[in-house]
Amino acid sequence: MGHALNNLLQDILARYKRQRGYNVLWMPGTDHAGIATQNVVERQLAAEGLDRHAIGREKFIERVWQWRRESGGTIINQLKRLGSSCDWRRERFTMDEGLSKAVREVFVSLYEKGLIYQGDYIINWCPRCHTALSDLEVEFEEHNDGHLWDLQYPLADGSGSIIVSTTRPETMLGDTAVAVNGSDERYRDLVGREVILPLMERKIPIIADDYVDMEFGSGAVKITPAHDPNDFEVGLRHGLEIVKVMDEKGVMNENAGKYAGLSREECRKKVVEDLDELGLLPAVKDYSHNVGHCYRCRTIIEPYLSNQWFVRIKPLAERALAAVKEGETRIIPQNWEKTYFNWMENIRDWCISRQIWWGHRIPAWYCGACGKMIVARQDPEACPECGARELRQETDVLDTWFSSGLWPFSTMGWPEETETLQKWYPTSVLVTGFDILFFWVARMMMMGLEFRDEVPFKDVYIHALVRDEHGQKMSKSRGNVIDPLVIIDQYGADALRFTLAAFAAQGRDVSLSEARIAGYRNFVNKLWNAARFTLMNLDEDFDPAAAVEPAVLSPAESWISHRLNRTIEEVVAALDEYRFNDAAQALYQFTWHEFCDWFLELEKPDLFQSEDGDRRAAARAVLYRTLERIVRLLHPIMPFVCEEIWQNLPRPAAAPGSIMATAYPGAEPEFDDPAAVGAMERVMAVITAIRNIRGEMNLSPGQPLAAVIRGKDEAVLATLRENAPSIISLARLSALEIDAGAEKPAQAAAGLAAGVEIFVPLAGLVDFRQEAERLKKAIKKAEKEFSGVDKKLGNEKFLAKAPAEVVEKERAKHRELAEKLEKLRVGLKTLEAVSGP
RNA sequence: GGGCGGGUAGCUCAGUUGGGAGAGCACCGGCCUUACAAGCCGGGGGUCACAGGUUCAAGCCCUGUUCCGCCUACCA
């Protein structure tokens, strides 16, 4: 579903920009997901009773390609079902030949610049995946069931002992020192002396190092250089011995003495038992601490000393940092820039080697004769040093992100200087989730700047994550993934797309609920039905190319045309600023509530009953023009239904073959008509008031009602008279009288709207106590509003300091409410006079 | 430890220069009104987490408190 959201947003932009006349390149593709994919195929092998070592590297790689051929298209197919309008001919894969060439070029080039080095360091090791991981690939999780064990190490001369604390007692087997802070008075005399490491009976020194926090625990720390990054640093500073006590599977090795062969978990248990027995375990406390887990298999990570390849990242990060600081690349929403800066500023070297088989094999060879290492663009035939031909290639492969970091240019043919590259690099926008801001965005920035000398993209739009209804991140391991294909089958791609777009508010996660999707499915349906209505009202000889003259429009038609202009402006502004939810919201509101609920109903009298041919023609023309624009506006979000409707609509001969190729509508100022909007708002207010009386009196829509309208403002009355057919139709009246001097009918319900009084005679229809209740309710509501405005206007400071237009607005409201209250009170009084209190 | 985001109607959430608290779903009442019952019409419902402050005016700005989520970090 994350892919669905991500792709949807890109698709909306691509379709929108195409309609706006841009030449759009959208290149689809996937990375090879090294560890995850290798795990899948290893599981397949395990099911067959095999493992990768049994079949060998070449056969294994073949199997992976086979698996990829069978299921690698899954995501791509999902995207196609969703309607993604990528350039599918340009689909790329990080293991393709061209991209692999780019990987090799980048590796060798960075190596030659001294930005890649190999060495023995503590890295994050997954004992299950059997590989090193970068810092980013370790997920920390709070474990509150941990313990802090105090271990007692006797001094070698038998004069006492020193206590150290640890959360990982099994590592004590590899301790090669005990460290204290040099300025710690308590231990001053002990520095330089030795302790006997229990269980191993080894003598190890007590050293002084600033790293030790005197406040924590006993103020003394056991040092295990081979199994802890800090201890490794301490070890380097003091030239300590390094003892590895674990192998690559997390099993204790021969250096662990009698514990050899035990798993790290079993060993911990046994070490604790044995120390306890020796009386060297003075305390055990419950302890809550963070434990690193493999991001692919959740296994607990082992900090492990190992020979690996690294990228010296600082020089690359500096440029990537500056590019965003200087605005060459914008990150949207901007909050993320801070996160990006923070990470770039505190970045550490990137471990890029992985001990798996699926991936780009590191282009380094070792000479069997002289031991020289060769890093080369072309596979070497012989050792340049000694000429020997026994060359052995490095078995490690590169981190998948190393190759995906090259995506913006490797997919365009780099290192060749292709036309594509010339034309499209740097790209306009990258759309991605924040969860891969560091993994991917940061690396693309660094690689792009290093190898193209230009940022890879001008905008980075960071969207939210799709979560389940409990706000949990959707992931395969949690098993709470909602399959987009299932949703598409059930509700349609357009419904899913609209839902995701409507939820995609900047900086906020998407909690996807099926009820919401069902709701937007109804919207698709609504649009479809509105299109049916439109189609069945267009003549055979309707001319879609005929110009519509603003002068011939009815007030309702002018109103909808004006509102269409405003909606277009809103949607364009929203899409230009990546406010997808605002665009969706504006279109939803306009289409359903203005076009369907009001406009179609308002047009029915003209369409069905008018004797005037020109009037009917105008109604049809505006109906057509509005719907035709609605589907073009909605096309980026709901391409399927919009295309279908558009294909069914009559259209000018010159129109393109698909809605995809049409222009995005723009506002047409000649259709702006604020006066018509004002008039229609009055008409609608009157209709709503009458409907309200009907509803509150529980009168069914079939019940014929008459209405009498009176008011002082002749202009308003004229407007209402002009629109009397609309009022009669939408309020379902049998008769309507509009007259400044009209008599209030006896036994009538009264309403107020648009500055006029509305009476609906109800003699014999309802219980008048009910109407009295309704009026009392209305009075109470109006009183509450009135007192608020009254208080405001009674405040001299408000009158003095608020802008004049705000004050005037309050005054007008004050007058209206006073008048309304007066009329309601009179109405209630007369009612009580005829019907009794 | 540092950083970020959030607490608005029963639920999920909008609310962009501070000036009438909104949507969808759910709920209540009335309707098969010939585009649509996946619909139409009407309605109820919120001391905008809490406490202060700035302002004529605060959901929005400032300070503090509290709760929740996420990211990040080498305290054994």
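Visitor: Run through the overall build of chain A, naming residues and quoting values.
Guide: When its secondary structure is counted, chain A shows 26 helices and 27 strands. Taken over the C-alpha trace, chain A has a radius of gyration of 38 Å; the compact-globule value for 837 residues is 28 Å, which it surpasses by more than 25%. Each of the three principal axes of chain A carries a C-alpha extent, and together these read 115 × 65 × 55 Å. The buried share of chain A, taken over its 837 residues, is 52%. In chain A, of all internal contacts separated by at least 6 residues, the share reaching a separation of at least 24 is 75%. Accessible surface, chain A as shown: approximately 38,700 Å² in total, 48% of it carbon and sulfur. Side-chain charges of chain A comprise 103 positive and 126 negative groups, with the mean position of each set lying 3 Å from the other.

Visitor: Tell me about the protein's contact with RNA strand B, residues and numbers included.
Guide: If you check the shell around RNA strand B, you find 53 residues, and the closest are Ser165, Phe216, Arg508, Lys801 and Pro803. Of all RNA strand B atoms lying within 4 Å of any protein atom, the proportion belonging to sugar or phosphate reaches 57%. In this structure, Arg579 approaches RNA strand B through a side-chain N or O atom, which is 3.2 Å from a base oxygen. Taking Lys604, its side chain carries an N or O atom lying 3.2 Å from a phosphate oxygen of RNA strand B. For the surface near RNA strand B, the elements supplying multiple residues, two or more each, are strand 6 (161–166), strand 11 (283–294), helix 9 (335–345), helix 16 (514–536), helix 18 (580–609), helix 21 (674–696) and helix 25 (796–801). It is helix 16 that provides the largest number of residues to the surface near RNA strand B, a total of 10 residues. When the residues that make up the surface near RNA strand B are grouped by side-chain class, the tally is 19 nonpolar, 16 polar and 18 charged.

Visitor: So what's going on with the sheet that holds strand 17 (residues 373–375)? Residues and values would help.
Guide: Taken together, the 3 strands give an open sheet; going across it, the order is 17-16-18, and neighbouring strands pair in antiparallel fashion. One side of each edge strand has no neighbouring strand; the edge strands of this open sheet are strand 17 and strand 18 (391–393). Mean inter-strand twist for the sheet, computed between neighbouring axes without regard to direction, equals 30 degrees. Bridge count between strand 16 (residues 364–367) and strand 17: 3 bridges; the pairing is antiparallel. Paired with Ala364 across the two strands is Val375, which belongs to strand 17.

Visitor: Tell me about the pairing of strand 8 (residues 194–197), and name the residues and values.
Guide: Burial along strand 8 is one-sided: Val195 and Leu197 are buried, while Glu194 and Ile196, pointing the other way, are not. Pairing analysis gives 4 bridges linking strand 8 to strand 9 (residues 202–208), with the strands arranged antiparallel. Residue pairing for strand 9: Glu194 is matched across the bridge by Pro205.

Visitor: Break down the pattern of salt bridges for me, with residues and values.
Guide: Scanning all chains against the criterion turns up 56 salt bridges. Via salt bridges that share partners, Arg625, Glu628, Arg629, Arg632 and Glu668 belong to a single interconnected network.

Visitor: So, empty space enclosed by the protein: which residues are in play, and what are the values?
Guide: This model, assessed by the stated rule, comprises 2 cavities of 30 Å³ or more. Considered as a void within the structure, the largest cavity measures approximately 40 Å³ in volume. What lines the largest cavity is His3, Ala4, Gln78, Leu79, Leu82 and Pro484. Contributions of two or more residues to the lining of the largest cavity are made by helix 1 (2–19) and helix 4 (73–82). At 3 residues, helix 4 tops the list of elements feeding residues into the lining of the largest cavity. Here the lining of the largest cavity is composed, by residue class, of 4 nonpolar, 2 polar and no charged. Estimates place the volume of the second largest cavity at around 40 Å³. Lining the second largest cavity, in full, are Leu5, Tyr461, His463, Ala464, Ala504, Ala505, Gln506, Gly507, Arg508 and Val510.

Visitor: Any details on the packing of aromatic side chains? Residues and values, ideally.
Guide: A ring pair, where both rings are aromatic, is described by two values, the distance of the centres and the angle of the planes. Tallying each qualifying case throughout the model produces 34 aromatic pairs. For the pair Trp336 and Phe434, a centre-to-centre distance of 5.0 Å together with 15 degrees between the ring planes defines the contact as stacked. Of this pair, Trp336 sits in helix 9 while Phe434 is found in the loop between strand 20 (427–433) and helix 13 (437–452), placing the two residues 98 residues apart along the sequence. With a relative accessible area of 22%, Trp336 lands in the partly exposed category. By relative accessible area, Phe434 is classed as partly exposed at 24%. Where Phe533 meets Phe608, the ring centres are 6.4 Å apart and the plane angle is 65 degrees; that geometry is what we call edge-to-face. In this pair, Phe533 sits in helix 16 while Phe608 sits in helix 18, placing the two residues 75 residues apart along the sequence. For Phe533, a relative accessible area of 13% gives the class buried. An aromatic cluster is present here, built from Phe107, Tyr111, Trp309, Trp350 and Phe402 joined pairwise through their rings. The aromatic ring of Tyr22 is capped on one face by Lys17, whose charged end is 4.8 Å from the ring centroid. The cationic tip of Arg651 hangs over the ring face of Trp646; the distance from NZ or CZ to the ring centre is 4.7 Å.

Visitor: Kindly report on helix 5 (residues 97–112), identifying the contributing residues and their values.
Guide: End to end, helix 5 covers 22 Å across 16 residues, agreeing with the expected 22 Å (1.5 Å per residue, within 8%). Regarding helix 5, the residues found buried are Leu99, Ala102, Val103, Val106, Phe107, Val108, Ser109 and Leu110. Of the residues flanking the end of helix 5, it is Gly114, one or two places downstream, whose phi is positive at about 80 degrees.

Visitor: Go over the side chain of Arg168, please, and point to the residues and values.
Guide: Within the secondary structure layout, Arg168 lies in the loop between strand 6 and strand 7 (177–180). Other than its neighbours up to four places away in sequence, Arg168 contacts Lys222, His227, Arg268, Glu302 and Pro303.

Visitor: Lay out the side chain of Gln19 with the relevant residues and their values.
Guide: Looking at the secondary structure, you find Gln19 in helix 1. For Gln19, the side chain forms a polar contact with the side chain of Thr662, separated by 3.4 Å.

Visitor: Can you explain the confidence of the model for chain A? Please cite residues and give values.
Guide: When the pLDDT values of chain A are averaged, the result is 90; 98% of them are 70 or greater. Across the interface, the model reports ipTM at 0.93; the global pTM reads 0.91.

Visitor: Give a detailed account of the packing of helix 2 (residues 34–47) against helix 3 (residues 52–71), specifying residues and quantitative values.
Guide: One way to put it is that helix 2 packs onto helix 3 with a least axis distance of 10 Å and a crossing angle of 115 degrees. Crossing of helix 2 over helix 3 shows right-handed handedness. Contacts between helix 2 and helix 3 involve Thr37, Gln38, Val40, Val41, Glu42, Gln44 and Leu45 from the first element and Arg52, Ile55, Phe60, Arg63, Val64 and Trp67 from the second. Each residue belonging to the contact of helix 2 with helix 3 can be placed in one class, and the counts come to 7 nonpolar, 3 polar and 3 charged.

Visitor: Go over the state of the cysteines with me, naming the residues and quoting the values.
Guide: Counted according to the given criterion, the structure contains 0 disulfides. Cysteine Cys267 remains unbridged, with the sulfur of Cys126 as its closest cysteine sulfur at 19 Å. Residue Cys267 is classed as buried on the basis of its relative accessible area of 0%.

Visitor: Report on the environment of Met27, specifying residues and quantitative values.
Guide: Along the chain, Met27 falls in the loop between helix 1 and strand 1 (29–30). For the pair formed by Met27 and Pro408, sequence separation is 381 residues and the distance between their alpha carbons is 9.4 Å.

Definitions and limits used
Each chain carries its own residue numbering, running from 1 in the written order of its sequence. Whichever chain is written first is A, and whichever ligand is written first is 1; the rest continue in order. The predicted nature of this model means local features are confined to residues of pLDDT at least 70 and side-chain atom pairs, given and counted, to a pLDDT of 80 or more, with totals for whole chains, interfaces and linings taken over all residues. Water and hydrogen atoms were dropped before computing side-chain values, which therefore reflect all heavy atoms in the structure. Helical segments are the DSSP runs of H or I of at least four residues, strand segments are the runs of E of at least two, and each set is numbered from the N terminus. Using C-alpha atoms as the atom set, the radius of gyration is obtained and then compared with a globule rule of 2.2 Å times the number of residues to the power 0.38. Type-normalised accessible area, obtained with a 1.4 Å probe on protein chains alone, sets the label of each residue: buried when under 20%, exposed when over 50%, and partly exposed for intermediate values. Residue contacts are defined here by distance: any two heavy atoms, one from each residue, within 4.5 Å place the two residues in contact. Here the Shrake-Rupley method, with its probe set to 1.4 Å, supplies the accessible areas, and only the displayed protein chains count as covering residues. Residues scored as charged are limited to Lys and Arg (positive) and Asp and Glu (negative), so that His and the chain ends carry no count. The atom standing in for a charge is NZ when the residue is Lys, CZ when it is Arg, CG when it is Asp and CD when it is Glu. By convention in these notes, a residue is near a molecule or strand provided one of its non-hydrogen atoms lies within 4 Å of it. Whenever two N or O atoms come within 3.5 Å, that pair is a polar contact, provided that in protein one can donate a hydrogen and the other can accept it, and provided that, for residues adjacent in sequence, both atoms are side-chain atoms. For this scheme, ten residues count as nonpolar: Ala, Val, Leu, Ile, Met, Phe, Trp, Tyr, Cys and Pro. Four count as charged, namely Asp, Glu, Lys and Arg, and the remainder, Gly too, count as polar. Two strands qualify as a pair provided that DSSP identifies no fewer than 2 bridges between them. To get an axis, fit a line to the C-alpha atoms, keeping to the stretch in contact for a helix; angles then go from 0 to 180 degrees between the N-to-C directions. Salt bridge, as applied in this entry: a Lys or Arg side-chain nitrogen positioned within 4 Å of an Asp or Glu carboxyl oxygen. Here a cavity means grid points, on a 1 Å grid over the protein atoms only, where a 1.4 Å probe fits yet cannot get out; a pocket means an open set of points with protein on both sides within 12 Å along at least five of seven lines; lining residues are those with an atom within 4 Å of a point. Grid points are joined across faces, edges and corners, and a volume is the space filled by probe spheres set on the points. Classification of ring pairs uses Phe, Tyr and Trp, with its six-membered ring standing for Trp, and accepts pairs whose centres are within 6.5 Å; under 30 degrees between planes counts as stacked, over 60 as edge-to-face, and the remaining range as tilted. We call a charge positioned above a ring when the Lys NZ or Arg CZ atom is no farther than 6 Å from the ring centre and deviates by at most 35 degrees from the ring normal. Expected helix span is given by 1.5 Å per residue-to-residue step, counting one fewer step than there are residues. Per residue, pLDDT measures the predictor's confidence, with a range of 0 to 100. Note: crossing handedness is left-handed where the near helix turns anticlockwise from the far helix by less than a right angle, and right-handed where it turns clockwise. Disulfides are defined as cysteine sulfur pairs within 2.5 Å.

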